[in-house]
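Reading the structure
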Amino acid sequence: MAEQFDVVIVGGGQAALAASYFLRRTGLTYVILDNGAQAGGAWVHGWDSLHLFSPASCSSLPGWPMPDTPEGSYPTRDEVLDYLHRYEARYTPPIRRPVTVGRVERAGGKFLNIRTNAGDFLSRAVIGATGTWSAPFIPDVAGHEFFGGTQIHSAHYQIPAPFAGRRVLVVGGGNSGAQILAEVSLLANATWVTLQDPVFLPDDVDGRVLFERATARPGQRRRHADRRLWRYRHGAARTGRPGARCLPRGAPVRAHDGYGRRLARRTGRSH
Ligand SMILES: Cc1cc2nc3c(=O)[nH]c(=O)nc-3n(C[C@H](O)[C@H](O)[C@H](O)COP(=O)(O)OP(=O)(O)OC[C@H]3O[C@@H](n4cnc5c(N)ncnc54)[C@H](O)[C@@H]3O)c2cc1C
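Residues numbered from 1 in each chain as written. Predicted model: local features only at pLDDT ≥ 70, side-chain atom pairs only at ≥ 80, totals over all residues.

Details of the overall build of the chain
Counting its regular elements, the chain contains 6 helices and 10 strands. Out of the 271 residues in the chain, the part that is buried amounts to 25%. By sequence separation, contacts in the chain at least 24 residues apart represent 58% of the contacts at least 6 residues apart. (Helix = DSSP H or I, 4+ residues; strand = E, 2+ residues; numbered from the N terminus. Buried ≥ 20, exposed ≤ 12 C-beta atoms within 10 Å, placed from the backbone. Contact = placed C-beta atoms within 7 Å.)

Focus: the site of the ligand
The ligand sits among 30 residues. The nearest are Gly11, Gly13, Gly41, Ala42 and Gly131. Broken down by secondary-structure element, the contributors of at least two residues to the shell around the ligand are α1 (14–26) and α3 (175–184). Within the shell around the ligand, the residues separate by chemical class into 12 nonpolar, 17 polar and 1 charged. (Near = placed C-beta within 6 Å. Nonpolar A, V, L, I, M, F, W, Y, C, P; charged D, E, K, R; others polar.)

Let's talk about the sheet that holds strand β1 (residues 3–10)
One open sheet accounts for 6 strands, arranged β3-β2-β1-β6-β5-β4; its pairing is mixed. Looking at strand neighbours, the two that pair on one side only are β3 (95–96) and β4 (101–106), the edges of this open sheet. The strands that α1 touches are β1, β2 (30–33) and β6 (119–128); relative to β1, the one it contacts most, it runs at about 135°. (Pairing = 2+ DSSP bridges. Axes fitted to C-alpha atoms, helices over the stretch in contact; angles between N-to-C directions.)

Concerning α1
Helix length check: α1, at 13 residues, gives a terminal C-alpha distance of 19 Å against a target of 18 Å (1.5 Å per residue), a fit within 8%. Of all the residues in α1, the buried ones are Gln14, Ala16, Leu17, Ser20 and Leu23. Within two residues after α1, Gly27 carries a phi angle of roughly 85°, on the positive side. (Expected span 1.5 Å × (residues − 1).)

Structural notes on the environment of Trp64
Summarising the element assignment, Trp64 is placed in the loop between β2 and α2 (77–91). Given 13 C-beta atoms within a 10 Å radius, Trp64 is considered partly exposed. Separated by 23 residues in the primary sequence, Trp64 and Tyr87 have C-alpha atoms spaced 7.5 Å apart. The residues touching Trp64, leaving out its near neighbours within four places in the chain, are Tyr87 and Arg90.

Side note on the environment of Leu52
Positionally, Leu52 belongs in the loop between β2 and α2. Considering only alpha carbons, one finds Leu52 and Glu79, 27 residues apart in sequence, at a separation of 9.8 Å.

So, the nonpolar core
The biggest cluster of nonpolar side chains holds 22 residues, and the ones touching the most others in it are Val8, Ile9, Val10, Leu33 and Leu84. Put simply, the parts of the chain that give this core at least two residues each are β1, α1, β2 and α2. Not counting the four nearest positions on each side in its chain, Val8 is found in contact with Tyr30, Val31, Leu33, Ile114, Phe121, Ser123 and Val126. Grouped together as the second largest cluster of nonpolar side chains are 10 residues, Tyr157, Phe163, Ala178 and Trp192 included. (Core = buried A, V, L, I, M, F, W, Y, C linked by C-beta atoms within 7 Å.)

Considerations on the pairing of β1
Here 7 bridges tie β1 to β6, and the two strands are oriented parallel to one another. Paired with Val7 across the strands is Ala125, a residue of β6. Inspection of the sheet shows β1 paired to β2 by 4 bridges, in the parallel sense. For Val8, the partnering residue across the bridge sits in β2 and is Val31. Handedness of the β-α-β unit built from β1, α1 and β2 comes out right-handed. (Right-handed = clockwise from strand over helix to strand, strands pointing away.)

Quick notes on the confidence of the model for the chain
Taken residue by residue, the chain gives an average pLDDT of 82. The fraction at 70 or more is 77%. Note that residues 229–271 has pLDDT below 50 and, in this model, 70 contacts with residues that lie over four places away or in other chains. (pLDDT = per-residue confidence, 0-100.)

See below:
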């Protein structure tokens, strides 16, 4: 006989924990089915130097703040993992591990049938919180079978050392591509390819700024971003973070306000 719930959450990473926090207050019955062996979701599989781009104060799950890291630093993979482990220990969400959901089908009436390797579950609603890490997209490049080098996805990248002294092409302009390029390029002859020009934010515009702007009253928004941009133009930006190292000399620089509106574009900035 299948167990029955109001809600089944598929996946047990940070999205599932946040949903769980609020579900618990509703009195609905629910369960989290996660195929990870431990807490942490995608962060269990992250590379050694992986870190958030937002400070801890902007990265907390509901109910319990992420512990602060030293001023100017961002929580590392291990710090995020530790937080997620401790968050689970604190709230003891109803997680079953490891359970892999294979399919969700309509059952009779108002119910969905969630088929897993641990049996079937019936539920009136399903929240998909499976993230992206477990389904990396590796493009089928024509002729790749003749390529004698190594081809990996960022989901399987761990450290830069194996690439020392080699020619490396980093494909993709998101945070993963930028962080990996920043450390691989210190050891290897690295080239970065992206579909569009990478969008570089001033070095002191990070997740905190985007968060502040997203939650600021409309009149404050532009003033706030303009102040950050002014400091950047006048050399007050910090250096030493991957974003700063990635900025090639003379590269076009664009800043946006967190809503995709462009604030400035200029060239010739040297770092
Ligand atoms: C370089 C980099 C920097 C980042 N910086 C930030 C940042 O500053 N701030 C921020 O908020 N985010 C940041 N992120 C993104 C953040 O890490 C992810 O968005 C987050 O981990 C996604 O959480 P999630 O719960 O949606 O998914 P995940 O953490 O991927 O969890 C999904 C879970 O579902 C499980 N699962 C998958 N399929 C099934 C299935 N069929 N059955 C059962 N379980 C399944 C997986 O095993 C996993 O445990 C960054 C990411 C990168 C790569």
